[in-house]
Amino acid sequence: MVEGWGLFVLGLVLLALGGDTLVKGVSGMAQRAGLSPFTAGLLLLAFGTSLPELFVNGAALLRGTPSLALGNAVGSNLVNLGLTLPLAALFASVQVRLRLLTPLLWVLVIASLLVMVFGLDGRLNRLEGGLLLLGFVLVVVKVIVRGRAEAPEVRAPVEAYAATRTVTWLNLLRLLIGVVLLGYGARDVVVSMGTLAPALGLTPLMAGLLPVAIGTALPEIAAAIAAARRGQGDMVLGHVIGSSVCNLLLVVGGMAMIAPLALPASFVKLELPAAIVLAIVLVPMLRGDARVSRGEAAVLLLAFCAWVALELAWLR
């Protein structure tokens, strides 16, 4: 079991290093191709942090554990909304100025409802997966278009986030190294769960929902806390909402396109409803003073703890 934990931690480190390296490479290549720093930064801010989850889910599918992949995809959303955001806001209130984040939050609610409706029959077929992927493409286009209307002072931190060297050979090397690190990290995480999950009494679904989702989010939690303390609330919420949208539309949709997915009963009865509740609770926080205060963070954190308790009770 000690060896399994060691492999799991090694996998998480490789995922963190690989994700950061790959994001830099993608940003450099995108700007080299003519994309503005703001547009590149906006897309990376919204969707770049889903790369570790994407690779972990791919590794899980290749090793025949789709339940772990599903658990990681939806579990990551619950961790984003119920752990990453409130922990950052407890250190410093999260002020939001990017106007496109509130509509993107509603996209997350709608996407969660859509997956839940699609899953009422216990499965996601290729057509439904294709619709989710189409939704992701439309969201990307909408983010790019709406982003152009943001004020210059709001654009500046996003442009700084995307700042990197645009030398072609360097970014190609970053892409290669990033993919290799993510590939090995994802393999190590999935392989380690093959040993750890039975020892902890967890099903593959529960392993994806709890240890894998929380573990892969640790670097993002640290980055979110640092951003909140710098007063960069848009960076915090952009990562949280954008990554969650990506997990549902791109990751889950892509998995269903590869092969029809069987959805456990708890997905429709517990996990997706919990994610929807957390997203809806966040809506009035952003519509009021556009700030997530420490008190509101405590509410989100308590809701997350309640969900974990329900999951463990369901397991028994």
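Cut-offs and rules
- Residues numbered from 1 in each chain as written.
- Predicted model: local features only at pLDDT ≥ 70, side-chain atom pairs only at ≥ 80, totals over all residues.
- Heavy atoms only, no water.
- UniProt positions renumbered as here; feature names shortened; annotations may be inferred.
- Helix = DSSP H or I, 4+ residues; strand = E, 2+ residues; numbered from the N terminus.
- Rg over C-alpha atoms; globule rule 2.2 N^0.38 Å.
- Buried < 20%, exposed > 50% of the residue type's maximum accessible area, 1.4 Å probe, protein only.
- Contact = heavy atoms within 4.5 Å.
- Lys, Arg positive; Asp, Glu negative; His and termini not counted.
- Charge placed at Lys NZ, Arg CZ, Asp CG, Glu CD.
- Axes fitted to C-alpha atoms, helices over the stretch in contact; angles between N-to-C directions.
- Parallel < 35°, antiparallel > 145°, perpendicular 65-115°, else oblique.
- Left-handed = near helix turned anticlockwise from the far one by under 90°.
- Nonpolar A, V, L, I, M, F, W, Y, C, P; charged D, E, K, R; others polar.
- 1 Å grid on protein atoms, 1.4 Å probe; cavity = no way out; pocket = protein on both sides within 12 Å on 5 of 7 lines; lining within 4 Å.
- Points joined across faces, edges and corners; volume = space filled by probe spheres on them.

The name an unreviewed UniProt entry assigns to the protein chain is Sodium:calcium antiporter, from the organism Pseudoxanthomonas winnipegensis. The Subcellular location (unreviewed entry) comment attached to the protein chain in UniProt states, word for word, "Membrane".

### Examining the overall build of the protein chain
For the protein chain, the helix and strand inventory stands at 12 helices and 4 strands. Here the C-alpha radius of gyration of the protein chain, 18 Å, is about what a compact globule of 316 residues would show, namely 20 Å. Residues classed as buried in the protein chain amount to 53% of the 316 residues present. Sequence separation of 24 or more characterises 88% of the internal contacts of the protein chain that already satisfy a separation of 6 or more. A distance of 6 Å separates the average location of the 21 positive side-chain charges in the protein chain from that of its 15 negative side-chain charges.

### Here we look at the UniProt feature "domain: Sodium/calcium exchanger membrane region" (unreviewed entry) in the protein chain
Mapped onto this numbering, the UniProt entry annotates "domain: Sodium/calcium exchanger membrane region" (unreviewed entry) at residues 4–143 and 172–310. With 81% helix and 3% strand, residues 4–143 has end C-alpha atoms that lie 40 Å from one another.

### Some remarks on the packing of helix 2 (residues 37–47) against helix 6 (residues 126–147)
Running from N to C, helix 2 and helix 6 cross one another at 135°; their axes reach a closest spacing of 10 Å. Relative to helix 6, the element helix 2 lies oblique. The two elements helix 2 and helix 6 cross, and the hand of that crossing is right-handed. Across the interface between the two elements, Phe-38, Thr-39, Leu-42, Leu-43 and Phe-47 from helix 2 touch Phe-136, Val-139, Val-140, Val-143, Ile-144 and Gly-147 from helix 6. Grouping the constituent residues of the contact of helix 2 with helix 6 by class yields 9 nonpolar, 2 polar and no charged.

### Side note on the layout of surface pockets
Reported here for the largest pocket is a volume of approximately 670 Å³. Contributing to the lining of the largest pocket are 32 residues, with Asp-20, Thr-49, Tyr-161, Ala-223 and His-239 lying nearest its centre. Counting residues per element, the ones that place at least two in the lining of the largest pocket are helix 1 (2–32), helix 3 (51–62), helix 7 (152–162), helix 9 (204–229) and helix 10 (233–258). Split into classes, the residues belonging to the lining of the largest pocket amount to 19 nonpolar, 9 polar and 4 charged. In terms of lining, the second largest pocket is formed by 17 residues, of which the most central are Leu-43, Leu-44, Phe-47, Gly-48 and Leu-51. Put simply, the parts of the chain that give the lining of the second largest pocket at least two residues each are helix 1, helix 2, helix 3, helix 6 and helix 10. Per-class residue counts for the lining of the second largest pocket are 14 nonpolar, 3 polar and no charged.

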